[in-house]
Structures are given as C-alpha cells and as structure tokens.
Amino acid sequence: MPHMDGDDDTPVLAPSALAALREFYVERDTREKQFEDLKAAAENDFDDQAPIAMELFSESWQDSQFWYKDATATTLAEQLLDGVTQDSRIAVVSAPTVYVKLRNLLLDRERYPIRPQLTLLEFDERFEVFKDEFVPYDFKQPLKLPKSLKGAFDRIICDPPFLSDECQTKAALTVRWLAKSWVGPSNEASDPVRLILCTGERMETLARKLYGKAGMLTTTFLPEHSNPLSNEFRCYANFECSAWKWQPEAMATKP
C-alpha cells in the first residue's frame, strides 16, 4: 500500500512495490522491442529457423484473449499436423496460440517434411505480421471472408472468443463455410475434415447441436491456459487420437 511521506502528503510506494513496478516496465519494454523486431523480420519473410515466442503477444482480457499453456498448444497443433499431405490446408480460427505453435513445430523438417498451408483468422491486427497467412476476422460478420477460403480446409480448429450463444453460433457458421465437407474421419468418408473446438464446458449442448452432423463429441482432453480461467474449458472434436478419446457419456448420447 502507498504511504504518506513528507509534509506534502505525497504518496510513496514501498520499496518492494517500486521494484515490482520497475520489473513490470522492463518486461513491457522488452516485449515491445521484441515485437518491433518481429515486425521488422516479417518484412524480410522471417528467419525460417527461428521459433516465435507467444509471449511477444500480450493477452488482452478486454478482447477475451487467453493464451494456452505450451503443452496444450503443442497437443492441439500436433493433432492438426498428424497425417498431413501436400494438399492439406489448416485453418486456425481465433486460436493464435495454436497457429504460432504450428509454425514452430514445422521448423522441425525431419519430423514434419511436409508443410501444409496455414491460415490464421483473427481479430487482433497484431498478427498481421504473419502476412499472407493472416486473415482479418470478426465473428460478428462470420462470412465476411475472402471467397477463395470457402470450402478450402480439411483441418480446422476454432476457439470462439466469447461464451455466448451468438458468438458460438456465428463462429460455427465460419467453420462450416471454411470446411471442405461436413463429415469426420470416423465416417470413413473420402474427403473427411478434422474439426477441433475449444470452448467452455457450459457450451457443450450448443456445440453438439452446431457440429453434430460433422460428428463432433466431447473429448477427454482438457485445454489449459497460461492464466487460469474461472470457466471450465473443454475440447470437442470429430475424431479420436493418441491425445484424446471421446468421453463415454458423449458416446452414449451420440446420434
């Protein structure tokens, strides 16, 4: 707490508070400098061997930005990359942590010799540094997107920014519009689409309704955020994999 010191009653911070404040400003200035360096590197198409730190992009709670923990981002990105081909296209809708992790994983050319086309649909214009892979996106205008993206993606992850029926429904319209088809791998279709939705547990009923025809169910995987949320988060998907299975309760109510 500030205390009064001197005749003019000017508030003075305790030494520990001053040290914490200085540390905050040093970290902020460092991040800003690193971000400016990132923007400069973007002009030169980046260094293909340099991973990008998500910490360069500070979260904005006002915009409902909550970055995943590294382990969560890695798990989600790995499932999107599993089995990719030269023709694969991955859309990342409002989940920039996963997009950055995808870019970093693809630096390992031995593990991922094939680089699929990535597209980040995101409201935050800071991610314009990724140039041709960035598409401005506002869930309030779910289909205001380049026509070339319609029906173009066989792997999509979406994390709607708000836990509201409106946001969830409009984000689902975007995902449906982007998807090559609306059937999942479990249907053994000739053109299946891998879909992942990360959102609150309380949106489960609506999620099942919006994505049910694509085979999406609640999984056993629990996404975690760098800054813990008060809302329970869940991962929904239309496929099972080494990282998750469908919850037994979800299977019991499968249409």
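In the block above lies the structure referred to throughout.
My aim in this report is to walk through the structure given alongside it, one point at a time. (Residues numbered from 1 in each chain as written. Predicted model: local features only at pLDDT ≥ 70, side-chain atom pairs only at ≥ 80, totals over all residues. Heavy atoms only, no water.)

Here's the deal with the state of the cysteines
Move 1: As enumerated under the stated definition, the model contains 0 disulfides in all.
Move 2: Among the cysteines around Cys 198, which has no disulfide bond, Cys 235 carries the closest sulfur, lying 4.4 Å off. (Disulfide = S-S within 2.5 Å.)

Side note on the packing of aromatic side chains
Move 1: Taken as a whole and assessed by the stated rule, the structure comprises 9 aromatic pairs.
Move 2: Between the aromatic rings of Phe 221 and Trp 244, the centroid separation amounts to 5.8 Å while the plane-to-plane angle is 35°, which identifies the pairing as tilted. With Phe 221 in the loop between β8 (217-218) and β9 (233-237) and Trp 244 in the loop between β9 and α6 (248-252), the pair connects residues that are 23 residues apart, well separated along the chain.
Move 3: Classification of Trp 244 as buried rests on a relative accessible area of 1%.
Move 4: By the ring-pair criterion, three or more aromatic residues cluster together here, those being Phe 57, Trp 67, Tyr 99, Phe 127 and Phe 130.
Move 5: Taking the ring centre of Phe 153 as reference, the NZ or CZ of Arg 89 above it sits at 4.8 Å. (Phe/Tyr/Trp six-rings, centres within 6.5 Å; stacked < 30°, edge-to-face > 60°. Helix = DSSP H or I, 4+ residues; strand = E, 2+ residues; numbered from the N terminus. Buried < 20%, exposed > 50% of the residue type's maximum accessible area, 1.4 Å probe, protein only. Lys NZ or Arg CZ within 6 Å of the ring centre and 35° of its normal.)

Points about the environment of Tyr 211
Move 1: Inspection of the secondary structure assignment puts Tyr 211 in helix α5 (residues 204-211).
Move 2: Residues Tyr 211 and Leu 195 lie 16 residues apart in sequence; the distance between their C-alpha atoms is 9.0 Å.
Move 3: Here Tyr 211 is in contact with Ala 171, Ala 172, Val 175, Trp 182, Leu 197 and Met 216, once residues within four sequence places are set aside. (Contact = heavy atoms within 4.5 Å.)

Structural notes on the pairing of strand β3 (residues 89-93)
Move 1: The element β3 is largely enclosed, with a buried count of 5 among its 5 residues.
Move 2: On β3, burial covers both faces: Arg 89, Ala 91 and Val 93 on one face and Ile 90 and Val 92 on the other are all buried.
Move 3: Pairing analysis gives 5 bridges linking β3 to strand β4 (residues 117-122), with the strands arranged parallel. In the strand pairing of β4, Val 93 is matched with Leu 121.
Move 4: Read from β3 through helix α3 (residues 96-105) to β4, the crossover connection turns out right-handed.
Move 5: Where β3 lies against strand β6 (residues 155-158), 4 bridges are found, and the strand directions are parallel. Bridge pairing in β6 places Val 92 opposite Ile 157. (Pairing = 2+ DSSP bridges. Right-handed = clockwise from strand over helix to strand, strands pointing away.)

Description of helix α2 (residues 70-81)
Move 1: Spanning 12 residues, α2 covers 16 Å between terminal C-alpha atoms, matching the ideal 16 Å at 1.5 Å per step.
Move 2: Judged by how many residues are buried, α2 sits mostly within the fold: 9 of 12 residues are covered.
Move 3: Those residues of α2 that fall on the buried side of the exposure criterion are Thr 72, Ala 73, Thr 74, Thr 75, Leu 76, Ala 77, Gln 79, Leu 80 and Leu 81.
Move 4: One or two residues past the end of α2 sits Gly 83, with phi positive at roughly 75°. (Expected span 1.5 Å × (residues − 1).)

So, the nonpolar core
As a rule of thumb, nonpolar side chains are buried together in soluble globular proteins.
Move 1: Ranked by size, the top nonpolar core spans 38 residues in total, and within it Phe 57, Leu 76, Val 92, Val 98, Leu 102, Ile 196 and Trp 244 carry the most contacts.
Move 2: Elements supplying a minimum of two residues to this core: α2, β3, α3, β4, β7 (194-200) and β9.
Move 3: The next biggest cluster of nonpolar side chains, apart from the first, holds 28 residues, and it includes Tyr 137, Phe 139, Leu 149 and Cys 167. (Core = buried A, V, L, I, M, F, W, Y, C linked by side-chain atoms within 4.5 Å.)

Remarks on the packing of helix α4 (residues 165-178) against α5
Move 1: For the pair α4 and α5, the least separation of the axes is 10 Å and the interaxial angle reads 25°. Taken together, the axis directions place α4 and α5 in an arrangement best described as roughly parallel. Here α4 runs over α5; the crossing is right-handed. The segment α4 lies against α5, with Asp 165, Gln 168, Thr 169, Ala 171, Ala 172 and Val 175 engaging Leu 206, Leu 210 and Tyr 211.
Move 2: Across the contact of α4 with α5, the residue classes break down as 6 nonpolar, 2 polar and 1 charged. (Axes fitted to C-alpha atoms, helices over the stretch in contact; angles between N-to-C directions. Parallel < 35°, antiparallel > 145°, perpendicular 65-115°, else oblique. Left-handed = near helix turned anticlockwise from the far one by under 90°. Nonpolar A, V, L, I, M, F, W, Y, C, P; charged D, E, K, R; others polar.)

Some points on the sheet that holds β3
Move 1: Judged by pairing direction, the sheet is mixed, and its 7 strands sit side by side in the order β5-β4-β3-β6-β7-β9-β8 without closing on themselves. Strands at the two margins of the open sheet, each flanked by one partner only, are β5 (134-136) and β8.
Move 2: Pairing geometry for β6 and β7, over 4 bridges, is parallel. Along β7, the bridge assignment pairs Cys 158 with Leu 197.
Move 3: Lying on the sheet, α3 is in contact with β3, β4 and β6; it crosses β4 at an angle near 160°.
Move 4: Sheet contacts for α5: β7, β8 and β9; angle to β7, the most-contacted strand, approximately 155°.

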